[in-house]
Amino acid sequence: MVRIASCKSLFNDKNYQYYYICYNLDISDMPTILYVDDDIDDLNFMREAFMQLDPTIQVTEVNNGVEALRHLESLKTSQVPFPSLIIMDINMPLMDGRMAIKRIKEDNALRPIPVVAYTTSNNPMDRLICGQMGVNCVLKPNSAAELKQIASEFLQTYVYSQ
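Now for a look at the structure at hand.

1. Details of the layout of surface pockets
Space left empty within the atom packing is revealed by a probe, the size of a water molecule, rolled over the atoms.
Next up, step 1: Computed from the structure, the largest pocket encloses a volume of approximately 260 Å³.
Next up, step 2: Elements with a contribution of two residues or more to the lining of the largest pocket: helix H1 (40-53) and helix H5 (144-159).
Next up, step 3: Looking at the lining of the largest pocket, the element that brings in the most residues is H1, giving six residues.

2. A short note on the pattern of salt bridges
Next up, step 1: Under the defined criterion, the tally for this structure stands at nine salt bridges.
Next up, step 2: With a shortest N-O distance of 2.6 Å, Glu106 and Lys102 are connected by a salt bridge. Residue Glu106 and its partner Lys102 are both found in helix H3 (residues 97-106); the two are separated by four residues, about one turn of the helix.
Next up, step 3: Lys102 sits in the partly exposed class, given a relative accessible area of 39%.

3. Brief notes about the sheet that holds strand S3 (residues 32-36)
In any sheet, the strands associate via hydrogen bonds between backbone groups, in a parallel or an antiparallel arrangement.
Next up, step 1: Read across the open sheet, the five strands follow the order S4-S3-S5-S6-S7; overall the sheet is parallel. Whereas interior strands pair on both sides, the edge strands pair on one side only; in this sheet they are strand S4 (58-62) and strand S7 (136-139). Adjacent strand axes in the sheet meet at a mean angle of 25°, parallel and antiparallel pairs treated alike.
Next up, step 2: With four bridges joining them, strand S6 (residues 115-119) and S7 adopt parallel strand pairing. Within S7, the position partnered with Val116 by the bridge is Asn136.
Next up, step 3: Packing of helix H2 (residues 65-76) onto the sheet brings it into contact with S3, S4 and strand S5 (85-88), and relative to S3 it is tilted by some 155°.

4. Some words on the environment of Asp38
Next up, step 1: Tracing the sequence through the fold places Asp38 in the loop between S3 and H1.
Next up, step 2: Ignoring sequence-local partners within four residues, the contact set of Asp38 consists of Asn63, Asp89, Asn91, Met92 and Pro93.

5. Section: the pairing of S6
Next up, step 1: When you tally the buried positions in S6, you get five out of five residues, the bulk of the element.
Next up, step 2: The two faces of S6 match: Val115, Ala117 and Thr119 on one face and Val116 and Tyr118 on the other face are all buried.
Next up, step 3: In this sheet, S6 lies alongside S5 in parallel orientation, the contact comprising three bridges. Within the sheet, the bridge partner assigned to Met88 lies in S6 and is Ala117.
Next up, step 4: Handedness of the crossover is the feature at issue here: the chain leaves S5, passes through H3, returns alongside S6, and the resulting connection is right-handed.
Next up, step 5: Handedness of the crossover joining S6 and S7 through helix H4 (residues 124-132) is recorded here as right-handed.

What counts and what doesn't
Residues numbered from 1 in each chain as written. Predicted model: local features only at pLDDT ≥ 70, side-chain atom pairs only at ≥ 80, totals over all residues. Heavy atoms only, no water. 1 Å grid on protein atoms, 1.4 Å probe; cavity = no way out; pocket = protein on both sides within 12 Å on 5 of 7 lines; lining within 4 Å. Points joined across faces, edges and corners; volume = space filled by probe spheres on them. Helix = DSSP H or I, 4+ residues; strand = E, 2+ residues; numbered from the N terminus. Salt bridge = Lys/Arg side-chain N within 4 Å of Asp/Glu carboxyl O. Buried < 20%, exposed > 50% of the residue type's maximum accessible area, 1.4 Å probe, protein only. Pairing = 2+ DSSP bridges. Axes fitted to C-alpha atoms, helices over the stretch in contact; angles between N-to-C directions. Contact = heavy atoms within 4.5 Å. Right-handed = clockwise from strand over helix to strand, strands pointing away.

Structure (structure tokens):
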């Protein structure tokens with residue numbers, strides 16, 4: 001079990017004393033999502049959608065496939081559990097989503113983690129390639145309402161169902 005102890009200080013100005021509120025959180029019970037995208041706006045919008053839907057969701061953000069694989073490799077030797085879901089953009093620098101997904105699906109330890117390709121690409125080849133790897137391909141939405149609906153579907157389908 002992995003625990004995070006977090007303390008916040010509250011200053012009491014009358015007595016000039018500090019009071020501490022401490023939280024002892026078991027992060028192994030908190031669902032996590034790894035979101036891989038090089039677009040900072042998309043990262044921010046998705047994080048906000050998840051926070052509105054469920055503030056207990058922990059979203060880890062990385063900017064490309066190389067960072068995603070490094071992060072996942074580091075989890076193999078830690079006590080922190082694998083994410084409940086990986087959301088992967090397709091078009092990114094250094095290593096695109098297709099190659100990162102391929103490597104995840106080739107790794108026996110990582111293969112069971114659900115992956116969703118989340119992209120602006122409407123290219124039928126992207127859908128075909130993702131389908132061959134057992135990955136759903138979801139188009140990025142044009143509105144906040146659509147984004148919140150997609151985030152809700154991700155939670156219901158991949159996170160809460162585990």
